[in-house]
Amino acid sequence: MIEGLPALTHAVVDCNAVVHNLKVVRQYTSNSKILAVIKANAYGHGLVRIANALQDADALAVARVKEGIELRLAGITNRIVVLQGFLDRDEMDAHRKFDLDPVIYGFHQLRLLATCPYLEELSLWLKLDTGMNRLGFKQEDWRAVLEWLNTHQGQWAELTWMTHLANADDLEDSTTQKQIDLFRSLTADRNEHDSIANSAGILGWKQSHSDWVRPGLMLFGVSPFAGRQGYEFGLKPVMTLRSKLVSIKQLHQGDAVGYGGDWVCNKPICLGVVAIGYGDGYPRAAQSGTLVAVNGQVVPVIGRVSMDMLTVDLSTCPHAQEGDEVELWGSQCAIEQLAKSASTIPYTLLCGITRRVGVMEIPAVEAEQPVQLAAEFS
Ligand SMILES: *Cc1c(COP(=O)(O)O)cnc(C)c1O
């Protein structure tokens, strides 16, 4: 970005909302420690920025070793868990060097640990597969895992059991209770701590709360349940995606709008062109009728979303002008609604923001400090 020239299209990231949402997690799970999940660049919000806002979390979780190293190099001192753990000896060594906790889910990792000269420095998160069939030891392997633990008893710094829920976003699905029961049956006579719940578990399955909960999406103010929105759970959206109107003009009845000419005016309308498209991460699949907000008033997208632009019907805002602000998602236009209209989920929308989009951070305000102004970042 040319210095001083702000991005036309930007994501406003409100760190105060992150702090608020963390407190909401505490309210839902007052007896659990919080492992705040900030993988994938903190769901598109900026890894280090969000880690700084989450200093009150009991630990942070990332997916890959490199993400953990990035946090350490930025001076983050919270405990950090690496959800994909290590794959080889170099990655295992990096866990020790940067003080990262590995998640252990396969025998290849147990073999490395068996010859690890600094095992006593590592805090292990042992992952059981209770039905998701992604990472974790399957039930038939649990006996072998317990034997490994017996052999190496007391040689590690700390051990925490975990599993991941596959269907917790569907409150009618019986899989979740089965997963919880299976997990509890194995860990009941162990004295180590454990962890089950993601955001959907925290909000929808109280019986999944245990020593640790692992919120991700809800920290960003978004509901994990289809058909529900974050505010219904007391959450505040962290990201507001904004752009501007770059052109306004009158169209006649019969005019076809955009690529393919799918959308044809059935009456004269006032058309607005907004400087955002799939090249910025706005979903191309968003259908005509998806709502955006112009000067605080919602208007529908019409025609296909293109790479750099999308078009809206401004007929209900006759005073709109070129340069006016448009909110694509945030407190006026829920990201959950957009996800539905684009046949996707909020996770992919948040992670899909591209580097062309500027980020404007609203720093978290400490109680006694004066209010700081928003600072522009590239
Ligand atoms: C991503 C992830 C989470 C957080 O999930 P949300 O649905 O975003 O709350 C928790 N645990 C594990 C293992 C994950 O991979």
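Residues numbered from 1 in each chain as written. Predicted model: local features only at pLDDT ≥ 70, side-chain atom pairs only at ≥ 80, totals over all residues. Heavy atoms only, no water.

Side note on the packing of helix α6 (residues 107-114) against helix α7 (residues 142-151)
When two helices pack together, their arrangement is given by the angle between their axes and by how far apart the axes lie. Applicable threshold: In this analysis an axis means a line fitted to C-alpha atoms, helices contributing only their contacting stretch, and an angle means the value between N-to-C directions, from 0 to 180 degrees. Counting from the N terminus, the helices are the DSSP runs of H or I reaching at least four residues and the strands are the DSSP runs of E reaching at least two. Throughout, the term roughly parallel applies to angles under 35 degrees, roughly antiparallel to angles over 145, roughly perpendicular to angles from 65 to 115, and oblique to all others. When checking whether two residues touch, look at their non-hydrogen atoms; a contact exists if any pair is within 4.5 Å. Classification convention: Asp, Glu, Lys, Arg as charged; Ala, Val, Leu, Ile, Met, Phe, Trp, Tyr, Cys, Pro as nonpolar; all other residues, Gly among them, as polar.
Contact geometry of α6 with α7 gives a least axis separation of 12 Å together with a crossing angle of 10°. It follows that α6 is roughly parallel to α7 by the angle criterion. Within the contact between the two elements, α6 uses Phe-107, Leu-110, Leu-113 and Ala-114 and α7 uses Ala-144, Val-145 and Trp-148. For the contact of α6 with α7, the per-class residue count stands at seven nonpolar, no polar and no charged.

Thoughts on the packing of aromatic side chains
The following threshold applies: Aromatic pairing here means that ring centres of Phe, Tyr or Trp (its six-membered ring) are within 6.5 Å. Orientation follows from the plane angle: under 30 degrees is stacked, over 60 is edge-to-face, and everything else is tilted. Classification of residues uses two cut-offs on accessible area relative to the type maximum, computed with a 1.4 Å probe and protein chains only: under 20% is buried, over 50% is exposed, and between them is partly exposed.
A full pass over the atoms with the stated rule returns six aromatic pairs. Ring centres 6.2 Å apart and planes at 20° place the aromatic pair Trp-148 and Trp-156 in the stacked group. Each member of the pair, Trp-148 as well as Trp-156, carries the same accessibility label: buried. Every member of this aromatic cluster is reached through a ring pair, and the members are Tyr-43, Phe-220 and Tyr-347.

As for the confidence of the model for the protein chain
For clarity, the threshold we go by: Think of pLDDT as the predictor's per-residue confidence, scored from 0 to 100.
Mean pLDDT over the protein chain: 95, with 96% of residues reaching 70 or higher. Counted against residues more than four places away or in other chains, residues 368-378, with its pLDDT under 50, gives 22 contacts.

Points about the pattern of salt bridges
Applied cut-off: The salt bridge criterion pairs a side-chain nitrogen of Lys or Arg with a carboxyl oxygen of Asp or Glu, the two atoms within 4 Å.
Tallied over the full model, the rule gives 12 salt bridges. Among the ionic pairs, Arg-49 bridges to Glu-361, the shortest N-O distance being 2.6 Å. Pair noted here: Arg-49 is in helix α3 (residues 47-53) and Glu-361 is in strand β18 (residues 358-362), with a separation of 312 residues, a long-range link. The pair Arg-49 / Glu-361 is uniform in exposure class, with both members buried. For Glu-192, the salt bridge is made with Arg-190, and the minimal N-O distance between the two is 2.8 Å. Per residue, the accessibility class of Glu-192 equals that of Arg-190, and both read buried. Via salt bridges that share partners, Arg-79, Asp-101 and Glu-158 belong to a single interconnected network.

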